[in-house]
Amino acid sequence: MRTTPSLLALYSLVTLWACDLLGHGVLPYAAAWYKKTEFTFSDAIGAVRMILWDQDIYRQHPPDPDIPETQPSRLKRMTQALCFAA
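Keep in mind that what you see is a predicted model, and the values were worked out from it rather than measured. (Residues numbered from 1 in each chain as written. Predicted model: local features only at pLDDT ≥ 70, side-chain atom pairs only at ≥ 80, totals over all residues. Heavy atoms only, no water.)

S.K.: With reference to specific residues and values, describe the overall build of the chain.
M.R.: Across its full length, the chain carries 3 helices and 0 strands. Put simply, the chain runs from its N terminus to its C terminus through helices and strands in the order α-α-α. Split into buried and exposed, the 86 residues of the chain put 16% on the buried side. Contacts in the chain between residues at least 24 apart in sequence constitute 61% of all its contacts with a sequence separation of at least 6. Accessible surface, the chain: about 7400 Å² in total, of which carbon and sulfur atoms supply 63%. (Helix = DSSP H or I, 4+ residues; strand = E, 2+ residues; numbered from the N terminus. Buried < 20%, exposed > 50% of the residue type's maximum accessible area, 1.4 Å probe, protein only. Contact = heavy atoms within 4.5 Å. Areas by Shrake-Rupley, 256 points an atom, 1.4 Å probe, with all protein chains shown as cover.)

Written out as structure tokens, the structure is:
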């Protein structure tokens, strides 16, 4: 089967991409009651999801004048919640 090499390659790509995204001075995403000092793979995949979803969020549907547009700050908070919850 080719599943294991594919998963290992995907893991490696996410890790390398996250290393570029989560540079020096960036703190890991943590709950208020739990302080982390090191990044985990969960932080890495959340950061990669954030970049992919943030770029694609409004591109899928054409603007509709009848539907109010979500404020960018609210959209960013919702995206963060979804990226790191999965």
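S.K.: Please set out a nonpolar patch on the surface residue by residue, giving values where relevant.
M.R.: On the surface, a cluster of nonpolar side chains totalling about 400 Å² of accessible area is made up of Trp-17, Leu-52, Trp-53 and Leu-82. Tracing the backbone through its elements, the reader meets Leu-82 in helix α3 (residues 72-85). (Patch = residues over 30% accessible without salt bridge, like charges linked within 9 Å, V, L, I, M, F, W, Y side chains within 5 Å. Salt bridge = Lys/Arg side-chain N within 4 Å of Asp/Glu carboxyl O.)

S.K.: Could you give an account of the confidence of the model for the chain, naming the residues involved and the relevant values?
M.R.: Model confidence for the chain is summarised by a mean pLDDT of 76, while 73% of its residues fall at 70 or above. The lowest-confidence element of the chain is α3, averaging 74 in pLDDT; the highest-confidence one is helix α1 (residues 3-21), averaging 88. (pLDDT = per-residue confidence, 0-100.)

S.K.: Got a sec to walk through the nonpolar core? Specific residues and values, please.
M.R.: Val-14, Ala-18, Leu-22, Ala-44, Ala-47 and Val-48 form the largest nonpolar core, which has 6 residues in total. Among the secondary structure elements, those contributing two or more residues to this core are α1 and α2 (41-56). With 3 residues, the single largest contributor to this core is α2. Dropping the residues within four chain positions of it, Leu-22 is found in contact with Phe-39, Asp-43, Ala-44 and Ala-47. (Core = buried A, V, L, I, M, F, W, Y, C linked by side-chain atoms within 4.5 Å.)

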